[in-house]
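# Coordinates in review
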Amino acid sequence: MHVDWGMPSNPGSATLPLPLWRRSLRIADPESMMPSSQPGFFIRFMRGIWNTLNFTRRLILNAILVIVLVVLFVAMFRSTPIIGEQTALVLDPQGAIVEQYSTDPGERALASLSGDGAKEVQLRDLLRVIEAAASDKHIARIVLVPDRMSAGVSTMRELGQALDRFRATKKDVVVVSEGMEQGQYYLAAHADQILLDPQGSVLLEGFASYRSYYRDALDKLGVDVHLIRVGQYKSAGEPYILNQASDAAKQADLFWMGGIWNEFLDEIAAMRKLDAAALADDVAHLDTLVPKFNGDLAKLALDHGLVDKLATRAQARKLISDLGKPDDSGETFRQVNWSNYLGMQVAANLPDSRAQVAVVVAQGEIVQGEQAQGAVGATTTARLLREVRDDEQVKAVVLRVDSPGGDAYASEIIRREIEQIQAAGKPVVVSMGDVAASGGYWISMDADEIWAQPTTITGSIGIFGMFVTIPQTLEKLGIHTDGVATTPIAGAFDIRRPLDPKVETILTSVIQKGYRDFIGKVAAARGKTPAQIDEIAQGRVWSGSQAKERGLVDKLGGLQEAISAAAVLGNLGSNYHTRYVERELSTWERIAVSFGNNEAAASFGRWSGLSSLPLRLLDNDEIKRTLSLLNELGGNRFGVVAHCFCSLD
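The following refers to the structure shown. (Residues numbered from 1 in each chain as written. Predicted model: local features only at pLDDT ≥ 70, side-chain atom pairs only at ≥ 80, totals over all residues. Heavy atoms only, no water.)

## Description of the overall build of the protein chain
- The secondary structure content of the protein chain amounts to 24 helices and 25 strands.
- Among the 649 residues that make up the protein chain, the fraction classed as buried is 46%.
- For the protein chain, the share of sequence-separated contacts (at least 6 apart) that also reach a separation of at least 24 residues comes to 76%.
- With the model as given, the accessible surface of the protein chain reaches about 32,500 Å², and the carbon-plus-sulfur share is 55%. (Helix = DSSP H or I, 4+ residues; strand = E, 2+ residues; numbered from the N terminus. Buried < 20%, exposed > 50% of the residue type's maximum accessible area, 1.4 Å probe, protein only. Contact = heavy atoms within 4.5 Å. Areas by Shrake-Rupley, 256 points an atom, 1.4 Å probe, with all protein chains shown as cover.)

Here is the structure:
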């Protein structure tokens, strides 16, 4: 078969191959369409027409590109607000509040241009604008709209503490809401005034942790799951061998969830000047309370002191205008959106010659190798930690952990880098976010200080191994496996064959050794004996407050407190710079970030019709967590995992 690669037929010719797009569209060169006897004038004429068309095409495409860029840049500059007196900062983040983005800048810019908007908002950005607004004489108040934001309890608490610092400067916070779930209300309770739509609701329901169990399904498929665990409460692998949660798992889960629920109620009660016990009783008896108010959840919230007024959006705008000043149109209050205000904080992005506290984020599952943001790759994170160790301007390090753990060896690689930073004379402080359990605790334990929120989910000191075999599955399909080996162990990890008891003995020994290593390292780091750690380990999960009582955490507080503590340990005084250490963005990625953060660029995207792009993906948290555990076994021959399924629903 002859394949035309687009090469000239004459080997001595200097003619270049036709461009691929011209070959794929079957657009021939004008000369190739002419017989060899055609006069040269006609050939030159056709070639001229072709060149003219080609030039025109390029000119039009380039012109369109230039016009789009000009429109975007002009829109960006025009959208930069001029802040007058009595301006309100509108804080209305939409999407999940995260420690760092899990997508690259180009994807975020495209999502913004498509009209989908940001699905993730960085916690640090919200903290930055709140801090800047506190010292900005033109910002009189914050108007918080929490309805479309989602975050863990500890992240909401972090934001609430930032609002408290803002209010300490004699400025007020007003919440405007059409309806809040309990996490959103937990943040809203930090406000001076809460305005709820008359058709809205505030729903406090408590915490739950339910999982799907697959034993019967796996039996029907003929899949054999071999689970080896150390720790009475290490329950992450239970769904693969049971049809329901074990009694030990239920007991342990109810204890730490009850602790966080009590912290949750106590804080809301203190901020709203309510009785925590009465609040808990209301939640427990919603089935009798709601009918008393004829199903009107807004009136129920107002009557029980959860909100201050019922107001439509128009009424809320009038109330806030009366507190400050109306805008030029006179239809609403003078305001600036938080994303535009963030873009005005250019000083934070300028080079700074002061000594630094470096913040390295470890968010997501801990796995081996290189990983993009959104997961904790051992190689990637170790490289960032080496970078701060070798940077002479960095005097102290904060490791911000929001991880349920993952691969045990990957966790150990990161822990060793923490030791190397300390050996270089730089203090390391860990700040725990929503979750820092199992492998998340493994990478934290050697820090000079460990800070956690009272509502942080931590502990789960234990490991397990899991190995899957499928000989019965193959038999159902009429497939059989047979052969020979030179030793009883050779080929023993072939999932097509039953697991040899000798191999299970080997795996059990490996897992037990891993657990001894885990509690031994924790004991050395926390100044205790392995026996003392074993009593509070066994895979058991604790809230931040419970962990502090048991010596697993040093102090209770948020990210800002941890950064301040690192500065103290590094003898930096008050004159230092905080820098997040991440992969450096290219010039084009920085431009994409600017577009993605700009409201005018997003408006242009919606106007241009880009919003029709299919960017939505199926998202199910439990499925993702279940599959992530199975993924962690890949590349890990013995399946040694330090993972905790300990999130709140």
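## A word on a nonpolar patch on the surface
- A surface patch of nonpolar side chains, amounting to about 280 Å² of accessible area, comprises Phe45, Ile49 and Leu53.
- By the element assignment, Ile49 lies in helix H2 (residues 40-79).
- By relative accessible area, Ile49 is classed as partly exposed at 35%. (Patch = residues over 30% accessible without salt bridge, like charges linked within 9 Å, V, L, I, M, F, W, Y side chains within 5 Å. Salt bridge = Lys/Arg side-chain N within 4 Å of Asp/Glu carboxyl O.)

## Section: the nonpolar core
- Among the nonpolar cores identified, the biggest contains 74 residues, and Ile130, Leu159, Tyr185, Val202, Phe264, Tyr341 and Val357 are the most heavily contacted of them.
- Per-element accounting of this core gives the leading share, eight residues, to helix H4 (residues 123-135).
- Non-local contacts of Phe264, meaning those with residues more than four positions away in its chain, are made with Val153, Gln182, Tyr186, Leu204 and Phe207.
- The next biggest cluster of nonpolar side chains, apart from the first, holds 54 residues, and it includes Val397, Ala452, Ile536 and Ala537. (Core = buried A, V, L, I, M, F, W, Y, C linked by side-chain atoms within 4.5 Å.)

## Focus: the packing of aromatic side chains
- For the structure shown, the criterion picks out eight aromatic pairs.
- Ring geometry for Phe207 against Trp261: centres 5.5 Å apart, planes inclined by 80°, an arrangement best described as edge-to-face. A residue pair is termed long-range when its members are at least 10 positions apart, and Phe207 in the loop between strand E9 (202-203) and helix H7 (215-221) and Trp261 in helix H8 (residues 247-272) qualify at 54 residues.
- Classification of Phe207 as buried rests on a relative accessible area of 19%.
- In this structure, Arg550 packs its charged tip against the face of Trp542, placed 4.1 Å from the ring centre. (Phe/Tyr/Trp six-rings, centres within 6.5 Å; stacked < 30°, edge-to-face > 60°. Lys NZ or Arg CZ within 6 Å of the ring centre and 35° of its normal.)

## Some points on the sheet that holds strand E1 (residues 87-91)
- Across the sheet, which stays open at both edges, the six strands sit in the order E11-E8-E6-E4-E1-E12 with parallel pairing between neighbours. Both edges of this open sheet fall to strand E11 (309-310) and strand E12 (335-337), since each of them pairs with a single strand only.
- Relative to E11, strand E8 (residues 193-196) is paired through two bridges, and the arrangement is parallel. Counterpart to Leu195 in the pairing with E11 is Lys309.
- Lying on the sheet, H4 is in contact with E1 and strand E4 (139-144); it crosses E1 at an angle near 165°.
- Strands in contact with helix H12 (residues 313-323) are E4, strand E6 (172-177), E8 and E11; relative to E6, the strand with the most contacts, it is inclined by about 170°. (Pairing = 2+ DSSP bridges. Axes fitted to C-alpha atoms, helices over the stretch in contact; angles between N-to-C directions.)

## A word on the pairing of E6
- Extensive coverage of E6 is indicated by the burial of six of its six residues.
- Here E6 shows no split at all, with Asp172, Val174 and Val176 on one side and Val173, Val175 and Ser177 on the other all buried.
- Sheet analysis places E4 next to E6, joined by four bridges and oriented parallel. Bridge pairing in E6 links Leu144 to Val175.
- Where E6 meets E8, four bridges bridge the pair, whose relative direction is parallel. Looking at the pairing, Val175 lines up with Ile194 of E8.

## Some details on H8
- Taking 1.5 Å of rise per residue, 26 residues should cover 38 Å, and H8 covers 37 Å from first to last C-alpha, within 8% of that figure.
- Lys273 sits one or two residues past H8 and shows a positive phi near 55°. (Expected span 1.5 Å × (residues − 1).)

## Looking at the pattern of salt bridges
- Under the definition given, this model contains 27 salt bridges.
- Note that Glu412 and Arg416 form a salt bridge whose closest N and O atoms lie 3.0 Å from each other. Of this pair, Glu412 and Arg416 both sit in helix H15 (residues 408-423), four residues apart, which is roughly one turn of the helix.
- Residue class for Glu412 comes out buried when judged on its relative accessible area of 7%.
- Several salt bridges share partner residues, and in doing so they unite Glu412, Arg415, Arg416, Glu419 and Asp446 into one network.

## Overview of the side chain of Thr381
- Along the polypeptide, Thr381 turns up in helix H14 (residues 378-390).
- Classification of Thr381 by relative accessible area gives buried; the value is 5%.

## Points about unusual backbone geometry
- Its identity is not glycine, yet Lys273 carries a phi of approximately 55°, on the positive side.
- Here Lys273 is to be found in the loop between H8 and helix H9 (276-284).
- With relative accessibility at 74%, the residue Lys273 sits in the exposed group.
- With phi around 55°, Ser438 is a residue other than glycine that occupies positive phi space.
- Within the element layout of this structure, Ser438 appears in the loop between strand E18 (428-437) and helix H16 (439-442).

## Overview of the packing of H14 against H15
- Running from amino to carboxyl end, H14 crosses H15 at an angle of 5°, the nearest separation of the two axes being 9 Å. Classified by the angle their axes make, H14 and H15 are roughly parallel. Side by side, H14 and H15 meet where Ala378, Thr381, Ala382, Leu385, Arg386, Val388 and Arg389 of the first sit next to Ala410, Ile413, Ile414, Glu417, Ile418, Gln420 and Ile421 of the second.
- Residue classes in the contact of H14 with H15 are distributed as nine nonpolar, two polar and three charged. (Parallel < 35°, antiparallel > 145°, perpendicular 65-115°, else oblique. Nonpolar A, V, L, I, M, F, W, Y, C, P; charged D, E, K, R; others polar.)

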